[in-house]
Amino acid sequence: MTEPQTVTEAKPVKLPTLPDAQIVTDVTHWTDRLFSFRVTRPASLRFRSGEFVMIGLMGDPDPKTGKQKPLLRAYSIASPSWGEELEFYSIKVQDGPLTSKLQHIQPGDEIILRPKPVGTLVHDALLPGKRIWFFATGTGFAPFASLLRDPQTYEDYDEVIITHTCREAGELEYGRRLIEDLKSDEMMIELLGADNLAKIRYYPTTTRETSAKMGRITDLIRSGEVYADLGVEPIHPESDRAMICGNLAFNLELKAMLEEYGLEEGANSNPRHYVVEKAFLD
């Protein structure tokens, strides 16, 4: 597995030229399909960990008019609400209207960021519980990267289980590295507390490349293997809460499974047992 390639040498500071522009400060390419980047944070931006914003770049000039329009997509904020910068985690789509361009950004470049955060993967949308499950596929790990660094996560729950399913082992590296750093970084230990960080149970799986744990998380739940591996009781509405962020098929399948367990879907206006990020499609 190749080491992630990080680009940190920023260009000279320049005045923004794009609307709602922010400056790229760091870019890391994790695989040939995945990268993360950080940008400056608008001074006025307030958000709850787990929310998303619209970000993007200017599109190609119209061949007739020469005018450009912004290409914007919903991106979960991977950094916590207290972070000084904003972090994002993205897939690379070679013919994608936005990501075909976004994957080539460098420190010092500008991106468009519309400072109006929204989303359902927030603590306010859940009733109190004892255990929280974060279910992610691919870059759906991003909102949980934010929530795992939020003190409220550990104030609200006795146990925090993060499952991450990807096709290949290298695609797990972003999440693995983040959790490893959480438990070893002195600042994070001081902020969140060593006892709280001990609540994290990380359960990565792959579906194509051989790894320590193979299989789709939904299959592992049905077989009971995940419960045996973690030494926990099956999901129950009295004790368990869940957040889901992944591809559409995964979201729908897991949503149906949780409802079979007796969990009900919540929202900001009606907190319940689980929530799904409908704006994100890996």
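The structure we're discussing is the one just above.
Not measured: the values here are computed from a predicted model.

Peer 1: Would you explain the overall build of the chain in this entry?
Peer 2: From N to C terminus, the chain includes 9 helices and 12 strands. Relative to a compact globule of 282 residues, whose C-alpha radius of gyration would be 19 Å, the chain shows 19 Å and is just as compact. Structurally, the chain occupies a C-alpha span of about 60 × 40 × 35 Å along its principal axes. In the chain, which comprises 282 residues, the share counted as buried stands at 51%. At a minimum sequence separation of 6, the contacts of the chain that also span at least 24 residues come to 72%. Of the accessible surface of the chain, which amounts to about 13300 Å², a share of 51% is contributed by carbon and sulfur atoms. If you average the places of the 32 positive and of the 43 negative side-chain charges in the chain, the two averages end up 6 Å apart.

Peer 1: Explain a nonpolar patch on the surface to me, please; I cannot follow it from the model alone.
Peer 2: Taken together, the side chains of Trp82, Met187 and Leu191 define a hydrophobic patch exposed on the protein surface, amounting to about 290 Å² of accessible area. Structurally, Trp82 is set in the loop between β5 (70-76) and β6 (85-91).

Peer 1: Teacher, can you tell me more about the environment of Asp26 here?
Peer 2: Following the sequence through the fold, Asp26 ends up in strand β2 (residues 21-29). With a relative accessible area of 6%, Asp26 lands in the buried category. Along the backbone, Asp26 and Ser36 are 10 residues apart, and their C-alpha atoms lie at a distance of 8.3 Å.

Peer 1: Whenever I open this one, the pairing of strand β7 (residues 110-118) confuses me. Can you help?
Peer 2: Within a regular strand, the side chains alternate between the two sheet faces. In this sheet, β7 lies alongside β2 in antiparallel orientation, the contact comprising 3 bridges. Each bridged residue has a counterpart across the sheet, and for Gln22 the counterpart in β7 is Ile111. Pairing analysis gives 4 bridges linking strand β4 (residues 52-58) to β7, with the strands arranged antiparallel. From the neighbouring strand, Met54 faces β7, where its bridge partner is Arg114.

Peer 1: Help me out: how do you make sense of the layout of surface pockets in this one?
Peer 2: It is a probe the size of a water molecule, rolled over the atoms, that shows where empty space is left. Of the pockets and cavities examined, the largest pocket occupies roughly 630 Å³. Forming the walls of the largest pocket are 23 residues, and the residues nearest its centre are Arg38, Glu87, Arg149, Leu178 and Asp181. Those elements that place two or more of their residues in the lining of the largest pocket are β2, β3 (34-40), β6, α4 (173-184) and α5 (186-192). For the lining of the largest pocket, the element with the most residues is α4, which contributes 5 residues. Taken together, the residues of the lining of the largest pocket break down into 9 nonpolar, 5 polar and 9 charged.

Peer 1: Would you explain the sheet that holds strand β10 (residues 200-206) in this entry?
Peer 2: Think of a sheet as strands paired side by side through backbone hydrogen bonds, with each pair either parallel or antiparallel. The strand order across the open sheet formed by 5 strands is β10-β9-β8-β11-β12, and the pairing between neighbours is parallel. Among the strands making up the open sheet, the edge pair consists of β10 and β12 (274-276). Across the sheet, the mean angle from the axis of one strand to that of its neighbour is 10°, orientation sign disregarded. In the sheet, strand β11 (residues 240-245) pairs with β12 via 3 bridges, with the strands oriented parallel. Bridging across to β12, Ala242 finds its partner in Tyr274. Its contacts with the sheet put α4 on β9 (159-166) and β10, and the angle it makes with β10 is roughly 160°. In the packing of helix α9 (residues 248-260) onto the sheet, contacts are made with β8 (131-137), β11 and β12, and the angle to β11 comes to roughly 165°.

Peer 1: Before we go on, may I ask you to explain the nonpolar core in this structure?
Peer 2: Inside soluble globular proteins, nonpolar side chains tend to come together where they are buried. Counting residues in each nonpolar core, the largest one holds 33 residues, and the members touching the most others are Phe134, Phe141, Phe144, Leu148, Leu182 and Met243. The next biggest cluster of nonpolar side chains, apart from the first, holds 21 residues, and it includes Leu220, Leu230, Leu263 and Val276.

Peer 1: Can you help me understand α4 in this one?
Peer 2: Along an α-helix, residues three or four apart share an orientation, since each turn contains 3.6 residues. Helix length check: α4, at 12 residues, gives a terminal C-alpha distance of 16 Å against a target of 16 Å (1.5 Å per residue), a fit within 8%. Within the span of α4, buried status applies to Glu173, Tyr174, Gly175, Leu178, Ile179 and Leu182.

Peer 1: Just checking my understanding: could you explain the side chain of Asn251 for this structure?
Peer 2: By secondary structure assignment, the location of Asn251 is in helix α9. In this structure the side chain of Asn251 is engaged in a polar contact, spanning 3.0 Å, whose partner is the backbone nitrogen of Gly246.

Peer 1: Help me out: how do you make sense of the packing of aromatic side chains in this one?
Peer 2: Geometry of an aromatic ring pair is reported as the spacing of the ring centres plus the angle between the planes. Enumeration according to the criterion identifies 9 aromatic pairs in this entry. Ring centres of Tyr75 and Phe88 lie 6.3 Å apart, and the angle between their planes is 85°; on these two criteria the pair is classed as edge-to-face. Separated by 13 residues along the polypeptide, Tyr75 in strand β5 and Phe88 in strand β6 bring together distant segments of the chain. Considered together, Tyr75 and Phe88 belong to a single accessibility category, that of buried residues. With a centroid separation of 5.5 Å and 10° between ring planes, the pair formed by Trp133 and Phe135 is classed as stacked. Of the two residues, Trp133 and Phe135, both sit in the buried class. An aromatic cluster is built from Trp30, Tyr89, Phe141 and Tyr174, whose rings are joined through pairwise contacts.

About the criteria used
- Starting afresh in each chain, residues are numbered from 1 along the sequence in its written order.
- With the structure being a predicted model, the display of local features is reserved for residues of pLDDT at least 70 and the display and counting of side-chain atom pairs for 80 or more, all residues being used for whole-chain, interface and lining totals.
- Side-chain measures were taken over the full set of non-hydrogen atoms in the model, leaving aside hydrogen atoms and water.
- Going along the chain from the N terminus, every DSSP run of H or I of four or more residues is numbered as a helix, and every run of E of two or more is numbered as a strand.
- With the radius of gyration taken over C-alpha atoms, the globule rule is written as 2.2 Å times the number of residues to the power 0.38.
- Exposed residues in this analysis have more than 50% of their type's maximum accessible area, buried residues have under 20%, and partly exposed residues fall in between, with area computed by a 1.4 Å probe over protein chains only.
- For this analysis, residues touch if any pair of their heavy atoms sits within 4.5 Å.
- Using the Shrake-Rupley algorithm and a 1.4 Å probe, accessible areas are obtained, with residue cover drawn only from the displayed protein chains.
- The charged-residue count follows a simple rule in which Lys and Arg add positive charge and Asp and Glu add negative charge, with His and chain termini not counted at all.
- Taken as the charge location is NZ of Lys, CZ of Arg, CG of Asp or CD of Glu.
- Patch rule: a residue counts if its relative accessible area is over 30% and it has no salt bridge; like charges are joined within 9 Å, and nonpolar side chains (Val, Leu, Ile, Met, Phe, Trp, Tyr) within 5 Å.
- Here a salt bridge means any side-chain nitrogen of Lys or Arg lying within 4 Å of a carboxyl oxygen belonging to Asp or Glu.
- Pairing between two strands is assigned when DSSP locates at least 2 bridges connecting them.
- Space inside and on the surface of the protein is sampled on a 1 Å grid over the protein atoms alone, with a cavity defined as a set of points where a 1.4 Å probe fits but cannot get out and a pocket as an open set with protein on both sides within 12 Å along at least 5 of 7 lines; lining residues have an atom within 4 Å of a point.
- Grid points are joined across faces, edges and corners, and a volume is the space filled by probe spheres set on the points.
- Each residue gets one label: Ala, Val, Leu, Ile, Met, Phe, Trp, Tyr, Cys and Pro are nonpolar, Asp, Glu, Lys and Arg are charged, and the others, such as Gly, are polar.
- Between the N-to-C directions of two axes lies an angle of 0 to 180 degrees, each axis being a line fitted to C-alpha atoms and, for a helix, fitted only over the stretch in contact.
- For our purposes a nonpolar core is just a set of buried Ala, Val, Leu, Ile, Met, Phe, Trp, Tyr and Cys residues, chained together by side-chain atoms within 4.5 Å.
- The length a helix should cover is 1.5 Å for every residue beyond the first.
- Throughout this description, a polar contact denotes any pair of N or O atoms lying within 3.5 Å of each other; where both atoms belong to protein, one of them has to be capable of donating a hydrogen while the other can accept it, and for residues adjacent in sequence the pair is counted only when both atoms sit in side chains.
- Centres within 6.5 Å are what make two rings of Phe, Tyr or Trp a pair, Trp counting through its six-membered ring; a difference in plane orientation under 30 degrees is then read as stacked, over 60 as edge-to-face, and the rest as tilted.

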